[in-house]
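Okay, here's what each chain looks like letter by letter:
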Amino acid sequence: MLNAWALWQILRGPASPRAGALPRDVVWLRRLLYADVAGDLLLWELLDDVSDVAEYAATCAVWTATMFLLVRALAGVSARFRIIAIGLGLTGVLAAALRLFAEGPLLTASLLLAMATLGCKAMIIAGQGRDGRFSAVTVAIGWTSLLVPQVYSLLQAGRLTFDGLSLAVHALDGLIVVWAARTAHELAAPGVAAPGTGRTPRLLAAVVVVLVLPMAAVGAEGDARLTYTAADEGCRDRLRPAAGLGPEERRRSFLCLARGQTFAAATMFPEDLADQRILAYGAQLCALPGDRERHTLHKRAGGTADSIELAAALEYLCPGIVARQDADAKRRQAERDRQEAAWKAEANARCADPWPRARARRQGTAAYMLSEGGGYAVFDDRDDSAGDPGDIWGGDGDAADIFDAVEDGFIDAAGSSAAILTYQENSAICLTVKVFDRAPPLRLTGWDQVVEVGIASRSGRLVVPAYPKGGDNGAAGPLPDLAVTGPGHYRLRVHARTLPWNENDPDAPLEEHLLVVYPGRSKDKVVHRPPR
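Everything numeric here is computed off the predicted structure, so don't read it as measured data.

Topic: the overall build of the chain
Then, number 1: Broken down by element type, the chain carries 16 helices and 10 strands.
Then, number 2: Counting over 532 residues, the chain shows a buried share of 41%.
Then, number 3: Carbon together with sulfur atoms contributes 57% to the accessible area of the chain, which is approximately 29,100 Å² in total.

So, in structure tokens, the structure goes:
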């Protein structure tokens, strides 16, 4: 109702005098007042979206010109009155401009000088009371809009309030736009300077009593402060399991997590999103079938959180979602495991023992998946005396290095590890290991190169790495421990050859290796067959 009355006062239209009836400066004054009204209602807000500086310059220019012309147009006041009012107005304008660049004591001084604007406005409203063109209602509205918010601010300094009285005061603060519109309207009215009556009409009193005072009596909505819940880091410490909580407590717990920071140091939902909107998004997220759909909607809402964090919050809003997600995740993981097992079995089926007649104490054949760059390692996986002997790319001087193998042309051995070069990369090769109690016969037929080196096992283990979950490189099938007699020294004989292209099976490996291991103390490198 108060807004409707204010809009009627603003939009009822300007009084239209006969052409030439008003002085030119009064005509421009009325235009500026109506421009200021339009700016306060909409234009300044739109201009602020474009540029803060442009919005400040426009409002400052309109106010300066309006103040100057309005002081000049006042009737019934002295020249000294006009000079003081204009001086106060210009001081306030300059102080406001200075505040943009001031710091420290200069900033404090500029804030105090900016109060001169209030003095200028007070003199203008007082001058209107002496000008017969302006009604007592307009003067009363001016005093109310100017003084009430200032007095209230002084009384409430240092305190944060959100009650009915503050709502009423803010409503009265908006009457300055009504005052400007009524001032412009009444400038067109005929009349001469005359002392004001100083009496407030009963209509204005009725408006204040009927429209404004009930706001202070009724007060704000009981849950208005919950519309935007401030982030409370301590609320996480007070969270209880969702089971057994009531609906309201579960919603509060959800909002606690939704308003808090995630692992990515950002809030789960945008800070300017109302609680009701977050709860609505949460309800939509609960109804979606999977993580991917929830992630898409959550990102569309401007949120940032991983699936674990989001699920932890939604567990309060829709209990059971985490259990459903876990079940879905287990089903998807089981399907991925099944597909990976089938892929490994298919790859291993393409590889066979290249030396089936040799009866070894331990042996195994598998497809070895190579990553970018190729190469693989044989190492003691429990020996940490040389850093990480399985990291052939680490460049550790105490362990085998694939770059040294590249320089050698095939293999590098150091301590309890060996790095072996391959022709292929990002593909599979066939790898067979055979472990003997003593040196087996030398087998060269059919192999492109054969090289033998010494390798040690401090812990009693020598392994070829297995293919890990998630994929990188390693053997797709089980291969035995190569340290057949426990800790000690061994000889590692490596055979390598390329395989022909199989046009019926494009995925078949194009390279094959045979590792022969047996106890032996020699550390010498022996090239049985150099590369051809």
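Let's pick the thread back up.
Comments concerning the nonpolar core
Then, number 1: One finds Trp5, Leu29, Ile124, Ile141, Val178 and Trp179 to be the most contacted residues of the largest nonpolar core, which totals 36 residues.
Then, number 2: Residue assignment for this core shows that the elements contributing at least two residues are helix H1 (2-11), helix H2 (24-50), helix H3 (52-73), helix H4 (79-99), helix H6 (116-130), helix H7 (136-155) and helix H9 (175-186).
Then, number 3: Sorting elements by how many residues they give to this core places H9 first, with seven residues.
Then, number 4: In this structure, Tyr368, Leu370, Val433 and Tyr490 belong to the second largest nonpolar core, which totals 28 residues.

What about H1?
Then, number 1: The set of residues buried in H1 consists of Leu2, Trp5, Ala6, Gln9 and Ile10. Projection of H1 onto a plane perpendicular to its axis shows the buried side chains occupying an angular sector of 135°, all on one side. In H1, the exposed positions that point more than 90 degrees away from the buried face belong to Asn3, Trp8 and Leu11.

Details of unusual backbone geometry
Glycine aside, residues mostly have negative phi, and peptide bonds are mostly found in the trans state.
Then, number 1: Even without a glycine there, the phi angle at Asn426 is positive, about 55°.
Then, number 2: Along the chain, Asn426 turns up in the loop between strand E4 (417-420) and strand E5 (428-435).
Then, number 3: By relative accessible area, which is 53% here, Asn426 ends up exposed.

Observations regarding the packing of helix H11 (residues 247-259) against helix H12 (residues 275-287)
Then, number 1: Interhelical geometry of H11 versus H12 gives an angle of 100° and a closest axis separation of 11 Å. In terms of orientation, H11 lies roughly perpendicular with respect to H12. Contacts between H11 and H12 involve Arg251, Phe254, Leu255, Ala258 and Arg259 on the former and, on the latter, Asp275, Ile278, Leu279 and Gly282.
Then, number 2: Here the residues of the contact of H11 with H12 sort into five nonpolar, one polar and three charged.

Description of the packing of H12 against helix H13 (residues 291-300)
Then, number 1: Where H12 meets H13, the axes come as close as 9 Å, and the angle between the chain directions of the two elements is 160°. Taken together, the axis directions place H12 and H13 in an arrangement best described as roughly antiparallel. In this structure, H12 crosses over H13, and the sense of that crossing is right-handed. Note on element contacts: H13 touches H12 through Arg294, Leu297 and His298, opposite Tyr281, Gln284 and Leu285.
Then, number 2: When grouped by side-chain class, the residues that make up the contact of H12 with H13 number three nonpolar, two polar and one charged.

Thresholds applied
- Residues numbered from 1 in each chain as written.
- Predicted model: local features only at pLDDT ≥ 70, side-chain atom pairs only at ≥ 80, totals over all residues.
- Heavy atoms only, no water.
- Helix = DSSP H or I, 4+ residues; strand = E, 2+ residues; numbered from the N terminus.
- Buried < 20%, exposed > 50% of the residue type's maximum accessible area, 1.4 Å probe, protein only.
- Areas by Shrake-Rupley, 256 points an atom, 1.4 Å probe, with all protein chains shown as cover.
- Core = buried A, V, L, I, M, F, W, Y, C linked by side-chain atoms within 4.5 Å.
- Arc of directions from axis to C-beta.
- Axes fitted to C-alpha atoms, helices over the stretch in contact; angles between N-to-C directions.
- Parallel < 35°, antiparallel > 145°, perpendicular 65-115°, else oblique.
- Contact = heavy atoms within 4.5 Å.
- Nonpolar A, V, L, I, M, F, W, Y, C, P; charged D, E, K, R; others polar.
- Left-handed = near helix turned anticlockwise from the far one by under 90°.

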